[in-house]
Structure formats: C-alpha cells, structure tokens
Amino acid sequence: MDAPLVRLSGFDAGFFYSQTPEVHQHIHVVALLDAERVGLRDGPREGHRGVLTFESFTAAVSSRLPLLPPLRHRTIRVPFALHHPVILPVLEIDTAHHFRHHDLGGAGTAENVRDLVSAIASSALDEHHPLWEMHYTEGLADGRVAVIVKLHHSLADGVAISALLEHIIATPAAFDPPQRLPEAVRVAPSRASLVREALRDLIIQLRIVPALVLRTARGMSAASRYQRVHRATVPGPLGSTPRVSFNGRLTARREFATASIPLARFRELRAQYQGQDDDVTLNDLVLGSVSGALRHWLEAHDEHPSKPLTVGIPISLDDLSLPR
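Residues numbered from 1 in each chain as written. Predicted model: local features only at pLDDT ≥ 70, side-chain atom pairs only at ≥ 80, totals over all residues. Heavy atoms only, no water.

Caption draft 1: Representation of the sheet that holds strand 3 (residues 73–76) within the structure. Across the sheet, which stays open at both edges, the three strands sit in the order 1-4-3 with antiparallel pairing between neighbours. Lying at the two open borders of the sheet, with one neighbouring strand each, are strand 1 (6–7) and strand 3. Sheet analysis places strand 3 next to strand 4 (residues 86–89), joined by four bridges and oriented antiparallel. Across the sheet, residue Thr 75 finds its bridge partner in strand 4, namely Ile 87. (Pairing = 2+ DSSP bridges. Helix = DSSP H or I, 4+ residues; strand = E, 2+ residues; numbered from the N terminus.)

Now the structure itself:
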C-alpha cells in the first residue's frame, strides 16, 4: 500500500451508517438552464459559446472533474464496520454511468421534471462508483434544460453541492486546464488491509478518548446551563414523537414537489418587525411559514397530535443562510 488510507470523518460516515434500503442518504439539486445562453465550453481552452447539448455538457463537466475531488472518490466500507469507510481516488470516470440523458419530447412541463426527480430519488447510488449522478434533461416546452444532480450526503451538504454546481456551469474568464493527474492508480485495498488499517487507527484514537470525554462533559454542562437561564426546552427522542399519517414506516419511493413564494414577499413581512427587540430574519419567516402550512394541513386532514412534532432542519455549518 503506497500511502495511509483516507478515512471519512465521523460526521460524514454517519450518513452511511444511517442509510437503509428505504432511506437513501443522497441529496439533489435541480438547475433550469437556458441552453442558448449557458454556453459551456467543450474544453478548458475552447472559446465558443454554442448551444448547450448533452454531449457538450458531459465534455465540459468531465474536463473539470480533476478540480472537483469529491466527484473522483469512491467510498469503500470497512469489513465488520470496524471503522469509518475510506475513500479511494478514481482516475477513470465512467461517463456512461455518471451522466444520464433524458428527453421530455419538446412539450415537457414542470410536473414532468418533478416526476423525473421523484424517480431518480427513489433509487440508491451504486457504491462501486463515485457516489454521484448528473441527469441532463431536455425537451421542456420553454426550451430550457434541467440538470438534476444526485450526490451522496457524505460528499457534500446542500450549500456545498450548490456551490459545486455553480462552479460546473460557470464559464470563468480564465479557466486554466487541470494539472496532469498521476499515472499510477492506487490498487483497491484488500479486506485484510482494510481491517488492519482500521485496527491501527482505533488504537491511535484511544489516546484522544479522555480529552473527548472531557469536552463532551463540558458541552453538556454548558447546554444545561443555557436551558436553565433561557428556559429553553430540547426535543425529546424520536420515539416520543406522536404518530401522524406521514411519519410512519418509509418505502424507497419518493415524491418530489415544489412551491414558490417571491422573496420580495418575505422581505415585506420582515420590514414589519424592524426596530423591535427581537430581530426577525428571513430564515425565521420561512420556518414560520412552513410550520404554519404544516399545522393547516394537519387541521384540514383532521389530525390533532397530542404533543409537538419533532422536525429535523438541516443547517449549513458555513453560516450561509438566506440574506438578511
């Protein structure tokens, strides 16, 4: 083995541990593009801005893959789950596997795109390849194309994948070609080597356990003080959440739906709270709107849970929230 294996962090590995045949830990981004205005280059030095096609999109993204390491990593599980999965650089990307082409026939609607996203979201990613797919969809009635990116959550969160997509479709003024990749390809580690490296890393990590326990105890103590001072409550365990019609056992099938509200409307609402003691952000208003819509839905379906529902809300650790 030419170098120590690179192991997923505990946070990223958690998305693998929580994945089941019914719950696929991948995320999606859908971008609607004007095929005549995006003008991706077919290569890093070509200057024309022709109409975007599946072929030119595939070529352009493929040329930039060396600059996007998460898309060139295959994730390998450790036998017996002795430690977190490891990542293996893949120098040869199977474009036929990662890039998919769909045609809605020229009269495609937003509903057709939503149905396609639903179908794409209903299947798991193949762990024998880097964990991503890009679905190029043409044939919309308005002439635009939809690019649906499907990516495992261990590689990026929603903010990161949006930034990644922006990097892919942008046409920088000066796009330097990627440096030549090394000729040698790391041989996939054997089961024995995966076990050996996992045990070695576990022994090394035993040294940090005392400090980890101390840091955890301090964090729990600080959280307890915050709750007492601010009279805050924390959600109970998931098992204590009251049962309603939509939080039962899942299947692998997914349904994708959208709703649009003008950002200007939220800005108008926020302006009503300016100058008050509690500063109201756009995030506060969006979350309030969603919770209010959920309450109206429950009332309309004659569902009245006896206790508050517990809802998971993803946040960006980079503090990239909606504009204030």
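Still more to cover.
Caption draft 2: Looking closely at the sheet that holds strand 5 (residues 99–108). If you trace the four strands from one edge of the open sheet to the other, you get 2-7-6-5, paired in mixed fashion. At either end of the open sheet lies a strand with only one pairing partner, and these are strand 2 (26–33) and strand 5. Going from strand to strand, the sheet's axes swing by 20° on average, the running direction of each strand aside. Bridge count between strand 6 (residues 132–140) and strand 7 (residues 145–152): six bridges; the pairing is antiparallel. Looking across to strand 7, one finds that His 135 is bridged to Ile 148. On top of the sheet, helix 3 (residues 54–64) reaches strand 5, strand 6 and strand 7; it is set at about 145° to strand 5, its chief contact. (Axes fitted to C-alpha atoms, helices over the stretch in contact; angles between N-to-C directions. Contact = heavy atoms within 4.5 Å.)

Caption draft 3: View of the packing of aromatic side chains. By the definition in use, this model includes six aromatic pairs. An angle of 40° between the planes, with centres 5.6 Å apart, marks the rings of Phe 57 and Tyr 136 as tilted. Placement of Phe 57 in helix 3 and of Tyr 136 in strand 6 is noted, with a sequence separation of 79 residues between them. The exposure class of Phe 57 is buried, given its relative accessible area of 0%. (Phe/Tyr/Trp six-rings, centres within 6.5 Å; stacked < 30°, edge-to-face > 60°. Buried < 20%, exposed > 50% of the residue type's maximum accessible area, 1.4 Å probe, protein only.)

Caption draft 4: A look at empty space enclosed by the protein. Enumeration over the complete set of coordinates arrives at one cavity of 30 Å³ or more. Roughly 40 Å³ of volume is contained in the largest cavity. Around the largest cavity, the lining residues are Phe 16, Gln 19, His 24, His 26, Ala 124, Leu 125, Glu 127, Leu 131 and His 152. (1 Å grid on protein atoms, 1.4 Å probe; cavity = no way out; pocket = protein on both sides within 12 Å on 5 of 7 lines; lining within 4 Å. Points joined across faces, edges and corners; volume = space filled by probe spheres on them.)

Caption draft 5: The arrangement of helix 7 (residues 191–205) in detail. Its 15 residues give helix 7 an end-to-end C-alpha distance of 21 Å, which sits within 8% of 21 Å, the value for a rise of 1.5 Å per residue. Those residues of helix 7 that fall on the buried side of the exposure criterion are Ser 193, Leu 194, Glu 197, Ala 198 and Asp 201. On an axial view of helix 7, the arc spanned by its buried residues comes to 135°, and they lie on one face. Those residues of helix 7 that are exposed and aimed more than 90 degrees away from the buried face are Arg 191, Arg 196 and Ile 203. Against the buried residues of helix 7 lie strand 1, strand 3 and strand 4. (Expected span 1.5 Å × (residues − 1). Arc of directions from axis to C-beta.)

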